[in-house]
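Below, each chain spelled out in residue letters.
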Amino acid sequence: MFQQGALFSFLTVQENVETPLLEHAHLSKGFVRDLARLKIKLAGLPDNAGILKPSELSGGMRKRAGVARAIALDPDILFLDEPTAGLDPIAAGEFDDLVKTLRDALGLTVFMITHDLDTLYAICDRVAVVADRKIVAVAPVAELEQSDHPWIKSYFLGPRGRAAKKQKEG
C-alpha cells in the first residue's frame with residue numbers, strides 16, 4: 001500500500017479493488033465483484049464505500065481502500081509505506097488495529113516503512129533501523145531501547161519515544 005493509496009482516481013473503490021483480480025486471476029466477473037466487496041469489508045470500510053471515487057473518501061478511508069486493493073490477491077506479505085502518515089492520532093490508532101487484525105486473521109507478514117513511534121510499538125515484532133545511510137540494527141523494540149547507538153537512543157528514548165512506550169504499557 002502506497003502512502004496515499006495510489007488509487008485510480010477515475011475508478012470507484014469497488015473497481016480499484018477489482019482491478020488486480022481482473023488482471024491476474026482467471027475468475028468470473030461476478031466472483032470478482034463479490035470478492036472485491038469482501039476485501040472492502042475486511043479493510044473496515046462502510047458498505048457504501050464501493051461506489052465512491054477516491055476523491056469522495058477521507059484520508060483514512062483512502063488508506064483502507066488501498067489496503068483492500070493490496071490484499072485483493074491474498075498476498076503472503078503486505079508492504080506498507082508510511083501507513084499512518086497524515087492521519088490524526090485516533091484514525092492512526094484505528095489503522096494500526098486494522099493492520100494487526102488483518103495480519104493475525106490472514107496470516108500476513110507485514111513489512112512497513114514508518115516513522116510513527118506509536119505504530120512501531122503497536123504492531124512491530126522486529127524493527128530494522130536505518131541511520132548513517134545503512135541498517136544499523138535489527139531487533140524487537142525492547143532490545144532497541146537498550147542500544148548504545150546515538151541515533152537509536154535519541155529516537156526511542158527521546159520524549160516522543162518515551163510517550164509511545166508509556167502509551168503501549170498503559
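Above this note sits the structure.
Residues numbered from 1 in each chain as written. Predicted model: local features only at pLDDT ≥ 70, side-chain atom pairs only at ≥ 80, totals over all residues. Heavy atoms only, no water.

Draft legend 1. Geometry of the packing of helix H7 (residues 150–157) against helix H8 (residues 159–169). Put simply, H7 and H8 touch, their axes get as near as 4 Å, and they point 55° apart. On the basis of the axis angle, H7 is oblique to H8. Every residue of H8 that contacts H7 at Tyr-155, Phe-156 and Leu-157 is listed here: Pro-159, Gly-161 and Arg-162. Taken together, the residues of the contact of H7 with H8 sort by class into four nonpolar, one polar and one charged. (Axes fitted to C-alpha atoms, helices over the stretch in contact; angles between N-to-C directions. Helix = DSSP H or I, 4+ residues; strand = E, 2+ residues; numbered from the N terminus. Parallel < 35°, antiparallel > 145°, perpendicular 65-115°, else oblique. Contact = heavy atoms within 4.5 Å. Nonpolar A, V, L, I, M, F, W, Y, C, P; charged D, E, K, R; others polar.)

Draft legend 2. Local environment of the pairing of strand S2 (residues 109–113). As paired elements, strand S1 (residues 77–81) and S2 share five bridges and run parallel to each other. In the sheet register, Asp-81 faces S2, and the bridge partner there is Ile-113. Assessed by its sense of winding, the connection that carries the chain from S1 through helix H4 (residues 89–106) to S2 is right-handed. (Pairing = 2+ DSSP bridges. Right-handed = clockwise from strand over helix to strand, strands pointing away.)

Draft legend 3. Main features of the layout of surface pockets. Size it by volume and the largest pocket reaches roughly 730 Å³. Around the largest pocket, the lining comprises 24 residues; the ones closest to its centre are Met-112, Leu-120, Arg-126, Val-127 and Ala-128. Among the secondary structure elements, those contributing two or more residues to the lining of the largest pocket are S2, helix H5 (117–123), strand S3 (127–131), strand S4 (134–139) and H7. By volume, the second largest pocket is sized at about 520 Å³. If you go around the second largest pocket, you meet 27 residues; those closest to its centre are Asp-96, Asp-116, Leu-117, Asp-118 and Gln-167. Secondary structure elements with two or more residues in the lining of the second largest pocket: H4, H5, H7 and H8. (1 Å grid on protein atoms, 1.4 Å probe; cavity = no way out; pocket = protein on both sides within 12 Å on 5 of 7 lines; lining within 4 Å. Points joined across faces, edges and corners; volume = space filled by probe spheres on them.)

Draft legend 4. Molecular detail of the side chain of Asp-96. On the secondary structure map, Asp-96 appears in helix H4. At 7.0 Å, Lys-100 is the nearest oppositely charged side chain to Asp-96, a buried residue that forms no salt bridge. There is a polar contact of 2.9 Å between the side chain of Asp-96 and the side chain of Thr-119. With residues near it in sequence (within four places) discarded, Asp-96 still touches Thr-84, Asp-118, Thr-119, Ala-122 and Ile-123. (Buried < 20%, exposed > 50% of the residue type's maximum accessible area, 1.4 Å probe, protein only. Lys, Arg positive; Asp, Glu negative; His and termini not counted. Salt bridge = Lys/Arg side-chain N within 4 Å of Asp/Glu carboxyl O. Polar contact = N/O pair within 3.5 Å; in protein donor to acceptor, adjacent residues only side chain to side chain.)

Draft legend 5. Spotlight on the environment of Val-130. As for its position among the elements, Val-130 is in strand S3. Looking at Val-130, the relative accessible area reads 55%, which means it is exposed. Linking Val-130 and His-24, residues 106 residues apart in sequence, is a C-alpha distance of 34 Å.

Draft legend 6. Looking closely at unusual backbone geometry. Phi is positive for Glu-82, close to 45°, though the residue is something other than glycine. By the element assignment, Glu-82 lies in the loop between S1 and H4. For Asp-132, which is not glycine, the phi dihedral falls at a positive 55°. Of note, Asp-132 is situated in the loop between S3 and S4.

These figures capture arrangement, not role.
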